[in-house]
Amino acid sequence: VKRGEKQIRVNMSGSPTDFIRSIKGKTVLVKTNSGSDFKGILHCLDGFLNIALEHCEEWSNGECRRTYGDAFIRGNNVTFISLIGK
């Protein structure tokens, strides 16, 4: 670290696989390439980031556009997955 630069510490104790395992069954936000957000309970996810959500809602521009019972999101459309709440 050079003088005047801040050192950033990153917790590398868990892998992405550990993160995915820890959020299964919890409410997540899935952001897609189209700009739509999907909120629902993460049922399963595979190595290609194909995602199955239960009790899914589609959000766009801050409004709930549609409600689905179950939804499947193809992995090549996924920008990121984030845990909602704790």
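To be clear, the structure that these remarks concern was listed above.
In this text, all values refer to a predicted model and were calculated from it rather than measured experimentally.

On the basis of which strands lie adjacent, the open sheet formed by 5 strands has the order β4-β3-β2-β1-β5 and antiparallel pairing. On the outer flanks of this sheet lie β4 (63–73) and β5 (78–83), each paired with one strand and no other. Going across the sheet, the axis of each strand differs from the next one's by a mean of 25°, ignoring polarity. The pairing of strand β1 (residues 27–32) with β5 spans 5 bridges and is classified as antiparallel. Within β5, the residue paired with T32 across the bridge is V78.

With that settled, consider the pattern of salt bridges. Throughout the structure, instances matching the rule amount to 4 salt bridges. For K31, the salt bridge goes to D37, with nearest N and O atoms at 3.3 Å. With relative accessibility at 18%, the residue D37 sits in the buried group. A salt bridge links R66 to E58, with the nearest nitrogen and oxygen atoms 3.3 Å apart. When its relative accessible area of 11% is taken as the criterion, E58 is described as buried.

Let's shift gears to the side chain of S36. Note that S36 resides in the loop between β1 and β2 (37–45). S36 gets classed as buried once you look at its relative accessible area, which sits at 11%.

What counts, and where the lines are drawn
- Residues numbered from 1 in each chain as written.
- Predicted model: local features only at pLDDT ≥ 70, side-chain atom pairs only at ≥ 80, totals over all residues.
- Heavy atoms only, no water.
- Pairing = 2+ DSSP bridges.
- Helix = DSSP H or I, 4+ residues; strand = E, 2+ residues; numbered from the N terminus.
- Axes fitted to C-alpha atoms, helices over the stretch in contact; angles between N-to-C directions.
- Salt bridge = Lys/Arg side-chain N within 4 Å of Asp/Glu carboxyl O.
- Buried < 20%, exposed > 50% of the residue type's maximum accessible area, 1.4 Å probe, protein only.

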